[in-house]
Amino acid sequence: MNKKAVIIPVLAAAMALSACGQLDQPEDKANGASGTSFADPGTSGTLAEDTSVTEEDTSAETSETTTAAPETSEVTTAAGYETVTVPADSGEHNIIPGIELGDMKDDVLAKFGTFGRKVENSAKPSTSYSYYIDGLGLFGADMKGEMFFEFADRTGELICYGYELGGVPSGDGITYPCSHDELESAYGKVTEKLAEWYGGEPETENDIGVEAQYTAVLDDTSEIWAVYGTDLWGEGTGINAVIFSRSVSEEKLRKILY
């Protein structure tokens, strides 16, 4: 098998979660920044059983005639996962009701059961866990995807949470079958709700593959971030998705991580 064909899905899995923690953006997006981590801080119970299958580290040379591939994050797919139901709106203006920044990892993961993927970051000491979902009734976006949570390895506290819409499980990886128009429509519904809650409006973005970006800073200094596009973060990534999240501020993130 061509090693390059293996590397692309691994990079895609890491980069798809780059919504979290603006600390390393945009430079580290291509290396799997945000939503990923160095090591598993030790999950108990069924969330980290030996039924998981870890993809090989494919940071070796892509071929005899190409240079070495970028450093990649380790992606683990847990066996026995199921599609989860997103919590219903409780009137709290929270993209994932019942979840707050600073919540502890074991408490958050216990709410949803066996995760679908775990991504260990190659760029900063945090780990993300994601759960497959069928759609977002709260935002009116009827699109499959993932709900994700990122935790600081040092403290185990939640530093970012959100959604990546457009990806569906395929074997040991994720594929992104949605068209540009479908993504644009879902993004419009999501950002309409975000603007209703937090103010502001989407702006055109010139980052690679990103067609629009929405940002808002809340009273507690946490940040709301939303983007959509095809081939997000680089030509040929195949990441056609809508990503939005809430994360701690850059200043607070540095203190928590290090």
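Use the structure listed above.
These notes cover the structure that comes with them. Predicted model, so just to flag it, every value in this text is computed and none were measured.

Broken down by element type, the chain carries four helices and twelve strands. Each of the 258 residues in the chain was classed as buried or not, and the buried ones make up 51%. Residue pairs in contact within the chain that sit at least 24 positions apart in sequence constitute 63% of those at least 6 positions apart. Accessible area of the chain: about 11300 Å², with a carbon and sulfur share of 47%.

In terms of residue burial, strand β12 (residues 241-247) counts as a mostly covered element, since seven of its seven residues are buried. Burial along β12 is two-sided: the residues Ala 241, Ile 243, Ser 245 and Ser 247 and Val 242, Phe 244 and Arg 246 are all buried. As defined by bridge partners, strand β6 (residues 158-165) adjoins β12 across six bridges and the pair is classed as antiparallel. Following the sheet pairing, Tyr 163 is matched in β12 by Phe 244. Bridge count between strand β11 (residues 223-229) and β12: seven bridges; the pairing is antiparallel. Counterpart to Glu 223 in the pairing with β12 is Ser 247.

Cut-offs and rules
Positions within a chain are numbered from 1, following the residues in the order the chain's sequence is written. Confidence filtering applies because this is a predicted model: local features only for residues at pLDDT of at least 70, side-chain atom pairs given and counted only at 80 or more, and all residues used for totals across whole chains, interfaces and linings. Side-chain descriptors were evaluated using all non-hydrogen atoms of the structure, hydrogens and water having been removed beforehand. Each helix is a run of H or I in the DSSP string that is no shorter than four residues. Each strand is a run of E no shorter than two, and both are numbered from the N terminus. For every residue, the accessible area (1.4 Å probe, protein chains only) is compared with the maximum for its type, and the residue is labelled buried under 20%, exposed over 50%, or partly exposed between those bounds. Note on definitions: a residue-residue contact is assigned when non-hydrogen atoms from the two residues lie within 4.5 Å. Each accessible area value is a Shrake-Rupley result obtained with a 1.4 Å probe; residue values ignore everything except the protein chains displayed when judging cover. Strand pairing is defined by DSSP finding a minimum of two bridges between the two strands.

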